[in-house]
Amino acid sequence: MEHEQWTGKTGGTPLMHRLLLQSLRVMPLWFVYAGMAIFVIPFYMLLAHKGYIAQYHYFRQRLGYSPLKAFIGVYRNHFRFGQVIIDRFYFYAGGKFHFDMDNYDLYLKLSHEPSGFVVLSSHVGNYEIAGYELKAQCKQLYALVFGGEAATVMENRQRLLEGNNIHLVPVTQDMSHLFTLSNALADGNIVSIPADRVFGSPRTVTCNFMGAQAQFPLGPFALATQRDVPVLSVQVMKTGVKRYRIIIHELPVNHEARHLQRATALAQDFATHLEGVLHDYPTQWFNYYKFWKSDEDHADPV
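First, a word on what this report is: a plain description of the structure on this page. (Residues numbered from 1 in each chain as written. Predicted model: local features only at pLDDT ≥ 70, side-chain atom pairs only at ≥ 80, totals over all residues. Heavy atoms only, no water.)

**Quick word on the pattern of salt bridges**
Taken as a whole, this structure holds six salt bridges when the rule is applied. The salt bridge involving lysine 238 is made with aspartate 87; its shortest N-O contact spans 2.7 Å. Placement of the pair is lysine 238 in strand 8 (residues 231–240) and aspartate 87 in helix 4 (residues 67–92), with a sequence separation of 151 residues. The burial state of lysine 238 is the same as that of aspartate 87; both residues are buried. (Salt bridge = Lys/Arg side-chain N within 4 Å of Asp/Glu carboxyl O. Helix = DSSP H or I, 4+ residues; strand = E, 2+ residues; numbered from the N terminus. Buried < 20%, exposed > 50% of the residue type's maximum accessible area, 1.4 Å probe, protein only.)

Structure follows, in structure tokens:
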């Protein structure tokens, strides 16, 4: 399933981004949050109707919320997403956050081994923040990113990441980015890939996810099993105004099975782990389109 209706690009104009950066250098973070909650979120929910519908279905069908609780959940989800975007710009402006890390020793251990490894992320929480904290001193990290992102965002990402041995690899129409990532693994480096969205590739795998079937891109899992390297699932969840929890989890890889079977099993393991994270942080699901196959069968709320 292609998700052409969801671009994944940070909204706003370059001028708006610069104004936000300047504001965050002088205003308290909570004050910016409050302004967003009162003046921005209600209008965004009204104007971005497809995103509202997708999130409403998520809370109603996947989490079993009542209509009223689902509506409140959608508001909280939009507010959380706004916080995540603001936090990125706060970091660009020189702000700092506190990070609690699960299994950081595992990340360091793999970073010091000769083999490369794959880090699978998702549009849950605020994964970009991990790039500023998870430093790999012994390896280069190649991170796949959306090529059409706003120039202001890309410039600030590059400025902050260049000192952390991190290289940004934009998604390309001819899929040549996959060769770049494969070569990086062959050289013993780290590859970071979002594993929850299909970027126009016809190769997908169907997984049981949150009580229904959903399509995940086969590419990230096939790349990991083809190179036969360790695989980590990393999710970065917001837990406070200036606090995040980085969840690092190693996914099992069946080295005896055939390549396609290993990739399919890896995708299901990733989906299962992601489901567990969402049960703990239900408002930090940031895929604003009809993600599950069964979503097509449900009528939109009036």
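**What to know about a nonpolar patch on the surface**
On the surface, a cluster of nonpolar side chains totalling about 540 Å² of accessible area is made up of Val26, Met27, Trp30, Phe31 and Val241. The topology assignment puts valine 26 in helix 1 (residues 14–26). For valine 26, a relative accessible area of 68% puts it in the exposed group. (Patch = residues over 30% accessible without salt bridge, like charges linked within 9 Å, V, L, I, M, F, W, Y side chains within 5 Å. Areas by Shrake-Rupley, 256 points an atom, 1.4 Å probe, with all protein chains shown as cover.)

**Some remarks on the environment of tyrosine 281**
As for its placement among the helices and strands, tyrosine 281 is situated in the segment after helix 10 (259–280). Residue classification places tyrosine 281 among the buried residues on the basis of a relative accessible area of 14%. In contact with tyrosine 281, not counting residues within four places along its chain, are Met237, Lys238, Thr239, Arg245 and Ile247. (Contact = heavy atoms within 4.5 Å.)

**Here we look at the pairing of strand 8**
Of all the 10 residues making up strand 8, eight are buried; the element is thus mostly covered by neighbouring parts of the structure. Sheet topology note: the strand 2 (residues 117–121)/strand 8 ladder contains three bridges and is parallel. Counterpart to valine 119 in the pairing with strand 8 is leucine 232. (Pairing = 2+ DSSP bridges.)

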